Amino acid sequence: MQMGGQVHAITQAGSPYRSERNGDWIKIKIHHRQEFVVVGYTRAAAGIGSLLIGLHNDAGELTYAGRVKSGFDSRTLTELRPRLRALERPVTALKDSPRFTKGVDVAWLEPVLVCEVRYAEITPKGNVRHAVFQGMRDDKPAAGISLESSTPEQPPEPRKTQIRITHGERVIDPSTGLTKRQLADYYARVGDWMLPLLHDRPVSLVRAPDGIEGEQFFQRNTTGLAIPDIETMHRPSGKPAMLINTSKALMSAVQMSAIEIHAWNATTTDLSRPDRFILDLDPDPALPWLHMIEATHLVCVVLQELGLVSFLKTSGGKGIHIVVPLTPKDDWTAVKTFSQAIVKHIAKLIPERFSAVSGPKNRVGRIFIDYLRNSSGATTVAAYSVRARPGFAVSMPIWHEELSMLQGAHVFTIQNVFRRLDSLIEDPWAALPNTAQTITAQMRKKLGIR
DNA sequence: GATCGAA
DNA sequence: TTCGATCAACGCAGA
DNA sequence: TCTGCG
Ligand SMILES: [Mn+2]
Ligand SMILES: [Mn+2]
């Protein structure tokens, strides 16, 4: 462990570090390395002139840390340009905007990308000097990036805190040209929304190593495979279940070519007692979207009349998912039976619109309300998960009030999702974790079950 | 995408 | 060291 | 019992 880091002699004439008086070469450390948040860039003829970087201070505020002008190869620049363009924003995310000399064309960015920079020193104002770009760090979260140490110089032991995304340039959705890198950027950025909903909930993955037009497969266990930071937990059956509790685990999943993430309706607190049930509205694909809106509304009214609060999300495909949070109490069988009773009730009420029986032939011209997602060990695509289909739509939580304006269940995609999330004043699901309700005898009575 | 045995 | 094969779920219901 | 489904 070389505490001072590597020491390099400056040997170029005209270097500001050369002592003119005695001819000695002044040795300085130019091997400080650390990660910075990319907060902007300057435009140049080539596209990118320099990167503007920032750090979080002790108060958690994002502060300017200078410009990085060298260390880029053309391949990196080519790769970076579309990523940066997609993240542009009108105003800086920095607490205090730095000033630039006239003529410098600055573009500000969402503070989500992380890069590693080598530099000689940090000035009293907090700006790096002689900064040299070392590479992007695609595993992120940018939120954790602050000055690593006042006595920098960790030997470049590759820190294993971040996941390397390989083949980032690979197009995994040919219909849009979206790449693995863009998928990784999406999951890195959506983590703040998604991870709380995944916490301690066993997950399954839909993986597609060759993109969505290649072979896809479903993964529920980690048997024989260690995915960094994805915990495994033994369920009642004795089989291992995967947990994604951190951004690192989420990025690991992406690196493992996961596109969709599906989750249980119970957490490890008690895997035998669901903490929610889901009514998955599956339409005949030919059904007009308006029918889905009306059907969702009607199911929610029935739930409300039973005394149950519900939350909505698009599936990212054709239908809507209605999520009913529960305080864990009943077991899987009881909850599934109850959810089936709701479905039977509705199908009996309006048989021309609903089916309580699975199988495509039973829903021609109708909507099957899939209660089977509420079996033990069953999973449903998670909120904010991408769907492994052309367009990369995501499953998006919405307000009940948005339903009637919604144009489809696939309208939110990784390409437009942050226009929504960044402008949302409140999380439509903010109240979900605080919703305390259970299935009561009275509800069962109304549905004619015991 | 990762692993492992064979070449 | 490189290369190719192999693997990566599973329970429920409907017929 | 076999098959489709998600
Ligand atoms: Mn569905
Ligand atoms: Mn379904």
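Residues numbered from 1 in each chain as written. Chains lettered and ligands numbered in written order. Predicted model: local features only at pLDDT ≥ 70, side-chain atom pairs only at ≥ 80, totals over all residues. Heavy atoms only, no water.

A count of helices and strands for chain A gives seven helices and 24 strands. A principal-axis box enclosing the C-alpha atoms of chain A has dimensions of 95 × 45 × 40 Å. Out of the 450 residues belonging to chain A, those deemed buried represent 52%. Partitioning the intrachain contacts of chain A with sequence separation of at least 6 by distance along the chain shows that 66% fall at a separation of at least 24. Put simply, chain A shows about 21600 Å² of open surface, and 52% of that area lies on carbon and sulfur atoms. (Helix = DSSP H or I, 4+ residues; strand = E, 2+ residues; numbered from the N terminus. Buried < 20%, exposed > 50% of the residue type's maximum accessible area, 1.4 Å probe, protein only. Contact = heavy atoms within 4.5 Å. Areas by Shrake-Rupley, 256 points an atom, 1.4 Å probe, with all protein chains shown as cover.)

As enumerated under the stated definition, the model contains nine aromatic pairs in all. On the basis of an interplanar angle of 65° and a centroid distance of 5.1 Å, the ring pair of Y186 and Y187 is categorised as edge-to-face. Plain terms: the ring middles of Y186 and F418 are 5.8 Å apart, the flat faces sit at 50° to each other, and that makes the pair tilted. Here F418 lies in helix α6 (residues 417-423) and Y186 lies in helix α2 (residues 180-198), a separation of 232 residues in the sequence. The exposure classification of Y186 matches that of F418, with both residues buried. Following the ring pairs from residue to residue traces out a cluster consisting of Y64, F100 and W108. When the ring centre of F418 is taken as reference, the NZ or CZ atom of R189 above it lies at 4.0 Å. (Phe/Tyr/Trp six-rings, centres within 6.5 Å; stacked < 30°, edge-to-face > 60°. Lys NZ or Arg CZ within 6 Å of the ring centre and 35° of its normal.)

Moving on, we come to the coordination of the manganese ion (ligand 2). As a benchmark, a tetrahedral metal site with four donors has ideal angles of 109.5 degrees, while an octahedral site with six donors has ideal angles of 90 or 180 degrees. Coordination of the manganese ion (ligand 2) by the protein involves D280 (OD), D282 (OD) and D370 (OD), with metal-donor separations of 2.1 to 2.2 Å. Expressed as a motif, the donor residue spacing for the manganese ion (ligand 2) is D-x1-D-x87-D. The metal-metal distance between the manganese ion (ligand 2) and the manganese ion (ligand 1) is 3.6 Å, with D280 coordinating both. The exposure class of D280 is buried, given its relative accessible area of 7%. (Donors = N, O, S within 2.8 Å, 3.2 Å for Na, K, Ca; no water.)

Here we take up the side chain of N265. Position of N265 among the secondary structure elements: in the loop between β17 (258-263) and β18 (276-283). For N265, a relative accessible area of 0% puts it in the buried group. In terms of polar contacts, N265 uses its side chain to reach the side chain of R276, at 2.8 Å. Once residues within four sequence positions are removed from consideration, N265 is found in contact with R201, P274, D275, R276, I278, W332, R373, N374 and A378. (Polar contact = N/O pair within 3.5 Å; in protein donor to acceptor, adjacent residues only side chain to side chain.)

Now for the pairing of strand β22 (residues 367-370). The side chains of a regular strand alternate, first on one face of the sheet and then on the other. Neither face of β22 is left uncovered, since the one carrying I367 and I369 and the one carrying F368 and D370 both have all their residues buried. Examined bridge by bridge, β18 and β22 share four bridges and lie antiparallel to one another. Looking across to β22, one finds that D282 is bridged to F368. In terms of strand pairing, strand β21 (residues 354-355) meets β22 through two bridges, oriented parallel. In the strand pairing of β22, F354 is matched with I367. (Pairing = 2+ DSSP bridges.)

Near DNA strand D you find P360, R363 and R373, and these make up its full shell. Within the side chain of R363, a nitrogen or oxygen atom sits 3.5 Å from a phosphate oxygen of DNA strand D. (Near = heavy atom within 4 Å.)

What follows covers α2. The terminal C-alpha atoms of α2, which comprises 19 residues, lie only 22 Å apart, well short of the 27 Å expected from a rise of 1.5 Å per residue. The largest bend in α2 comes to about 70°, at G191. The buried fraction of α2 is high, at 14 of 19 residues. One or two positions beyond α2, positive phi appears at D200, with a value near 60°. (Expected span 1.5 Å × (residues − 1). Bend = angle between axes of the 7 residues up to and from the residue.)

Taken as a whole and assessed by the stated rule, the structure comprises four cavities of 30 Å³ or more. There is about 100 Å³ of room inside the largest cavity. R276, K313, A382, A383 and W429 are, among the 13 residues lining the largest cavity, the residues nearest its centre. Breaking the lining of the largest cavity down by element, the ones donating at least two residues are α2, β18 and β23 (380-381). At three residues, the largest contribution of residues to the lining of the largest cavity is made by α2. Grouping the constituent residues of the lining of the largest cavity by class yields ten nonpolar, one polar and two charged. Each of domain 2 (161-263) and domain 3 (276-447) contributes no fewer than three residues to the lining of the largest cavity. (1 Å grid on protein atoms, 1.4 Å probe; cavity = no way out; pocket = protein on both sides within 12 Å on 5 of 7 lines; lining within 4 Å. Points joined across faces, edges and corners; volume = space filled by probe spheres on them. Nonpolar A, V, L, I, M, F, W, Y, C, P; charged D, E, K, R; others polar. Domains from an automatic or database assignment.)

It is worth spelling out the sheet that holds strand β19 (residues 311-314) at this point. Paired through backbone hydrogen bonds, the strands of a sheet run either parallel or antiparallel to each other. Strand order in the open sheet formed by six strands is β21-β22-β18-β20-β19-β24, and the pairing between neighbours is mixed. Strands with a single pairing partner mark the edges of an open sheet, and in this sheet they are β21 and β24 (397-398). In terms of strand pairing, β19 meets β24 through two bridges, oriented antiparallel. Looking across to β24, one finds that L312 is bridged to I398. Relative to β18, helix α5 (residues 332-349) is tilted by about 35°, and along the sheet it contacts β18, β21 and β22. (Axes fitted to C-alpha atoms, helices over the stretch in contact; angles between N-to-C directions.)

What is shown is where atoms sit, not what they do.
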